[in-house]
Amino acid sequence: MKLGYIGLGKMGFNMVARLLEKKYKVVVFDKNKNASGSIAGHGAKAADSLKSLAVSLDTPRLVWIMVPYRAVDPVIRELAPLLHTGDTVIDGGNSPYKESMRRARELETDGIGFLDAGVSGGPSGARTGACVMVGGKKEVFRKHETLFRDISCRGGYGYVGKSGAGHFVKMVHNGIEYGMMQAIAEGFALMKESPFGLDLVKVADLYNHRSVIESRLIGWLKEAFQELGEDLENISGTVSHSGEGAWTVEAARELGIGVPVIEGALLFRILSQENPGYAGKILSALRNRFGRHEVFKPASGADKKN
């Protein structure tokens, strides 16, 4: 199979590497020429423009977009005139689901298929097998199902509904993630301040042996404690949020559904910008573990407040 791939960030680069291992022919484009050159060394063909990417693909063309959500529209505006009826575009980033619904409608007028694919698992999942939630027309999904199977872990992909559904399900996934991470951070912050002198590495390891809260998140926290120390001294206590938590809360309000846990977790991240603390350090450490987000303190070693 041959496809075009736009965007070689942490997720995109690793996913292309996986596809190359599975004998796909991949034409890539990224404004970062170093990234394009590096993946070309693994067997991809680097295009110097979207036009050269499009003309390098056999028809019907398949193009995967893996860029920040604010860049999706500019990419599609430039790409769409280069495509033809029967071609397919997949947005594998975290886009607002209503925008994915709109993009599907707009591309359909030119006979171009569109799938919104929410991808979970971070850079390591992109490399070794992700969890992928796909929305769009079912016949377009079926046409490209082998691709989704090949980028996913076993059993880790699925068609979830019409256009927008893939990104909606991924949005809610990220909202749930906010809540789960917040509970872990609060619980371990409580244990750190307890009078028992608890070994948090040991507790995290114990929790991850058939307890009800056994999880990859607990495992990642144990790794962070082991590598960085239980005080997480060099980790920032301010916690960034990339948008999906806020989108989840907004969608819940529109649908009249209460999501107090997710809303509280989002509020904590917002307030942490001025009031960093140990729970924030745990959240930041977890974000670094699964998403390779930059969470270390600046050279001064200080948050805005201590």
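Structure shown above.
Treat the numbers as computed from the prediction; the structure is a model and nothing was measured.

Reading guide: rules and limits
Residues numbered from 1 in each chain as written. Predicted model: local features only at pLDDT ≥ 70, side-chain atom pairs only at ≥ 80, totals over all residues. Heavy atoms only, no water. Helix = DSSP H or I, 4+ residues; strand = E, 2+ residues; numbered from the N terminus. Salt bridge = Lys/Arg side-chain N within 4 Å of Asp/Glu carboxyl O. Buried < 20%, exposed > 50% of the residue type's maximum accessible area, 1.4 Å probe, protein only. Pairing = 2+ DSSP bridges. Contact = heavy atoms within 4.5 Å. Axes fitted to C-alpha atoms, helices over the stretch in contact; angles between N-to-C directions. Polar contact = N/O pair within 3.5 Å; in protein donor to acceptor, adjacent residues only side chain to side chain. Expected span 1.5 Å × (residues − 1). Right-handed = clockwise from strand over helix to strand, strands pointing away. Core = buried A, V, L, I, M, F, W, Y, C linked by side-chain atoms within 4.5 Å. Parallel < 35°, antiparallel > 145°, perpendicular 65-115°, else oblique. Left-handed = near helix turned anticlockwise from the far one by under 90°. Nonpolar A, V, L, I, M, F, W, Y, C, P; charged D, E, K, R; others polar.

> What am I meant to see in unusual backbone geometry here?
Glycine aside, a negative phi is what most residues show, and trans is what most peptide bonds show. The omega torsion across Thr59 and Pro60 is -5°, close enough to zero to call that bond cis. Mapped onto the fold, Pro60 is located in the loop between helix H3 (50-55) and strand E4 (62-65). You will see that Lys23, though not glycine, has its phi angle at about 75°, which is positive. Mapped onto the elements, Lys23 comes out in the loop between helix H1 (10-21) and strand E2 (25-29). Phi is positive for Arg210, close to 70°, though the residue is something other than glycine.

> Could you clarify how one ought to interpret the pattern of salt bridges in this entry?
When charged atoms on two side chains of opposite charge get close, those side chains can pair. For the coordinates displayed, the defined rule picks out 16 salt bridges. Note that Asp87 and Arg61 form a salt bridge whose closest N and O atoms lie 3.1 Å from each other. Of this pair, Asp87 sits in the loop between helix H4 (69-79) and strand E5 (88-91) while Arg61 sits in the loop between H3 and E4, and the two are 26 residues apart along the sequence. Each member of the pair, Asp87 together with Arg61, is buried.

> Is there a simple way to think about the sheet that holds strand E8 (residues 152-161) in this case?
Within a sheet, adjacent strands bond to each other through the backbone by hydrogen bonds, running parallel or antiparallel. Ordered by their spatial adjacency, eight strands build an open sheet running E3-E2-E1-E4-E5-E6-E7-E8, and the pairing between neighbours is mixed. Strands at the two margins of the open sheet, each flanked by one partner only, are strand E3 (45-46) and E8. In this structure, strand E1 (residues 2-6) lies alongside E4, joined through three bridges in parallel fashion. Looking at E4, one finds that Tyr5 is bridged to Trp64. Across the sheet, helix H5 (residues 97-108) is in contact with E5 and strand E6 (113-120); its angle to E6 comes to roughly 155°.

> Honestly, the side chain of Thr88 in this entry has me stumped. Any pointers?
Mapping Thr88 onto the fold places it in strand E5. Looking at Thr88, its side chain comes within polar contact range of the side chain of His144, at 3.0 Å. Once residues within four sequence positions are removed from consideration, Thr88 is found in contact with Arg61, Leu62, Val63, Gly113, Val140, Lys143 and His144.

> I keep staring at H1 and nothing clicks. Help me out?
An α-helical turn contains 3.6 residues, so a residue and the one three or four places further along point in the same direction. With twelve residues, H1 ought to run about 16 Å at 1.5 Å a step, and its terminal C-alpha atoms sit 17 Å apart, in line with that. Extensive coverage of H1 is indicated by the burial of nine of its twelve residues. Among all positions of H1, only Met11, Gly12, Asn14, Met15, Val16, Ala17, Arg18, Leu19 and Leu20 are buried. Once H1 ends, the next one or two residues include Lys23, with phi positive near 75°.

> How should I be thinking about the pairing of E4 in this particular structure?
Side-chain alternation along E4 places Leu62 and Trp64 on one buried face and Val63 and Ile65 on a second face that is also buried. Judged from the four bridges that link them, E4 and E5 form a sheet pairing that is parallel. Each residue of the ladder has a partner; that of Ile65, found in E5, is Asp91. Between E4 and its parallel partner E5, the chain crosses via H4, and the hand of that crossover is right-handed.

> In this structure, what is going on with the side chain of Ser100? I would like to understand it.
Along the chain, the position of Ser100 falls in helix H5. Classification of Ser100 as buried rests on a relative accessible area of 0%. Engagement of the side chain of Ser100 in a polar contact is seen with the side chain of His167, the distance being 2.6 Å.

> Where do I start with the nonpolar core in this structure?
Note that soluble globular proteins tend to have their nonpolar side chains buried in a common cluster. Leu3, Tyr5, Val16, Val26, Trp64, Leu147 and Phe148 are the most contacted members of the largest nonpolar core, which totals 31 residues. When residues in this core are grouped by element, the largest group, six residues, is from H1.

> What am I meant to see in the packing of helix H9 (residues 165-192) against helix H14 (residues 278-291) here?
Helix-helix packing: each pair is described by the crossing angle between the helix axes and the interaxial distance. Interaxial distance between H9 and H14 falls to 8 Å at its minimum, and their mutual angle equals 130°. Viewed along their axes, H9 and H14 adopt a mutual orientation that is oblique. Note on packing geometry: the crossing formed by H9 with H14 is right-handed. Facing H9, whose interface residues are Glu177, Met181, Gln182, Ala185, Phe188, Ala189 and Lys192, H14 presents Tyr278, Ala279, Ile282, Leu283, Leu286, Arg287 and Phe290. A per-class count over the contact of H9 with H14 returns ten nonpolar, one polar and three charged.

> Honestly, the packing of H9 against helix H13 (residues 260-271) in this entry has me stumped. Any pointers?
Closest axis-to-axis distance for the H9/H13 pair is 8 Å, and the angle between their directions is 70°. Judged by the angle between their axes, H9 and H13 are roughly perpendicular. Contact residues: Gly175, Ile176, Tyr178, Gly179, Met181 and Gln182 in H9; Val261, Ile262, Ala265, Leu266, Phe268 and Arg269 in H13. The residue inventory of the contact of H9 with H13, partitioned by class, reads eight nonpolar, three polar and one charged.

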